[in-house]
Amino acid sequence: MATPLDKSHHAPGEPVIPTINWGGLRALYVKEVRRFFKVQLQTIWAPAFSALLLLMVFSIAFGRGGNAVMGFPFATFAAPGLIMMAMLQNSFANASFSLMVGKMQGTIIDYLMPPLSNAELLAALAGAAITRALLVGVVVWLAMLLWPGGAVFPIHPLAVIWFAVGGAAMMAFFGVIVSIWAEKFDHNATITNFVVQPLSLLSGTFYSIEGLHGIFRAISHANPFFYVISGFRYGFLGQTDSPVLTGGILLLVIDIVLAAICYAMLRSGYKLKN
């Protein structure tokens, strides 16, 4: 004799996960975080060492004779930019790796088969990349304390948080786009070497664009990295060479647009299911 289904069962066709699959999202996020933690010497500590070396070299080269930028010693001016630059690069590196390697190794099914929506998959991948970026940022900041003039402390914490998280999210979404598009390591390296690194180095990390003229200043204003680094520097130094509110709004718009592109690519199965 048929008995009614109890509350622990679901009728045929009734969704078992009606809203957000928090368990699955958390599991994928933890997996991605553990992946970069297994090689933390390379993914977290090495960027801090590289940033400290850059600060040392440029301070010796340009900081002699008491040279100041925007009224600050060179090391003090450059430190926030180097912290943010390391965060942007590592957020991209983390997000641009997972799906690409999954396609190359034939394990992409591990990302596509679990009961995760496209938004949940994107949130887990981007969340792990943002986590790595924030960890790198903290470690780089601690490393800067070892160099004279490199010790900087937040005076506008909300600006620091906004541009740190927003900038890391921007590169995480961009990394996911590249991870979907790329079919081999050469594709990833091309974007890293010819897009990410040039934009990082030409973002005003080591100089103020107030000293640029004509087309060079216009190019700097077209670089989204400039607004992220400038706003992040404002959070530490209280001064900036671009409107903080404009940069903050522009960063939010870029994040929304990139997230929408990621979602559309995942939903269409572009280079993932086709």
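Every residue gets a number counted from 1 within its own chain, in the order that chain's sequence is written. Thresholds applied to this predicted model are a pLDDT of at least 70 for local features of residues and 80 or more for the giving and counting of side-chain atom pairs; totals over whole chains, interfaces and linings are not thresholded and use all residues. Computation of side-chain values: all heavy atoms of the structure, hydrogens and water removed.

Trainee: Give me helix α11 (residues 244-268): which residues, what numbers.
Mentor: Because each turn of an α-helix spans 3.6 residues, side chains separated by three or four positions in sequence point in the same direction. A run of H or I in DSSP becomes a helix once it reaches four residues, and a run of E becomes a strand once it reaches two; helices and strands are each numbered from the N terminus. Any helix carries an expected span of 1.5 Å times its number of residues minus one. Taking 1.5 Å of rise per residue, 25 residues should cover 36 Å, and α11 covers 36 Å from first to last C-alpha, within 8% of that figure. The buried label goes to any residue with under 20% of its type's maximum accessible area, the exposed label to any with over 50%, and the partly exposed label to all in between, with areas taken from a 1.4 Å probe on protein chains only. Listed as buried for α11 are Gly247, Gly248, Leu251, Asp255, Leu258, Ala259, Cys262, Met265 and Leu266. Whether two residues are in contact is decided by their heavy atoms, any of which lying within 4.5 Å being enough. Turning to α11, the residues buried within the fold contact α4 (98-105), α6 (118-144), α7 (157-181) and α10 (224-237). Two residues or fewer after α11 comes glycine 269, characterised by a positive phi angle close to 75 degrees.

Trainee: Give me the lowdown on the packing of α6 against α11, citing residues and values where you can.
Mentor: To get an axis, fit a line to the C-alpha atoms, keeping to the stretch in contact for a helix; angles then go from 0 to 180 degrees between the N-to-C directions. Interaxial distance between α6 and α11 falls to 9 Å at its minimum, and their mutual angle equals 125 degrees. The orientation of α6 with respect to α11, classified from their angle, is oblique. For the element pair α6 and α11, the recorded crossing hand is right-handed. Across from Asn118, Ala119, Leu121 and Leu122 in α6, the residues of α11 making contact are Ala259, Cys262, Tyr263, Leu266 and Arg267. Lys, Arg, Asp and Glu make up the charged group, whereas Ala, Val, Leu, Ile, Met, Phe, Trp, Tyr, Cys and Pro make up the nonpolar group; the residues left over, Gly among them, are polar. Split into classes, the residues belonging to the contact of α6 with α11 amount to seven nonpolar, one polar and one charged. For classification, angles of less than 35 degrees are called roughly parallel, those exceeding 145 degrees roughly antiparallel, those between 65 and 115 degrees roughly perpendicular, and all remaining angles oblique. Should the near helix be turned anticlockwise from the far one by less than a right angle, the crossing is left-handed, and should it be turned clockwise, the crossing is right-handed.

Trainee: Explain the nonpolar core to me, using residue names and the numbers behind them.
Mentor: Within the largest apolar cluster, 72 residues are counted, with the highest numbers of intra-cluster contacts made by Leu99, Val140, Met144, Met170, Phe173, Val176 and Phe232. Each residue touching methionine 170, except ones within four places of it in the same chain, is listed here: Leu88, Pro224, Phe225, Val228, Leu251, Ile254, Asp255 and Leu258. By nonpolar core we mean a set of buried residues, namely Ala, Val, Leu, Ile, Met, Phe, Trp, Tyr and Cys, connected to one another through side-chain atoms within 4.5 Å.

Trainee: Pulling in residues and values, what's your account of the pattern of salt bridges?
Mentor: Whenever Lys or Arg places a side-chain nitrogen within 4 Å of a carboxyl oxygen from Asp or Glu, that contact is recorded as a salt bridge. Summed over the entire model, instances satisfying the criterion amount to three salt bridges. Across the salt bridge formed by glutamate 32 and lysine 31, the nearest N and O atoms sit 3.1 Å from each other. The exposure class assigned to glutamate 32 is buried, which follows from its relative accessible area of 1%. With its nearest N and O atoms 3.0 Å apart, the salt bridge here joins arginine 35 to glutamate 32. Within this pair, arginine 35 and its partner glutamate 32 are both found in helix α1 (residues 22-37), separated by three residues, close to a single helical turn. Of the residues examined, arginine 35 reaches a relative accessible area of 23% and is grouped as partly exposed.

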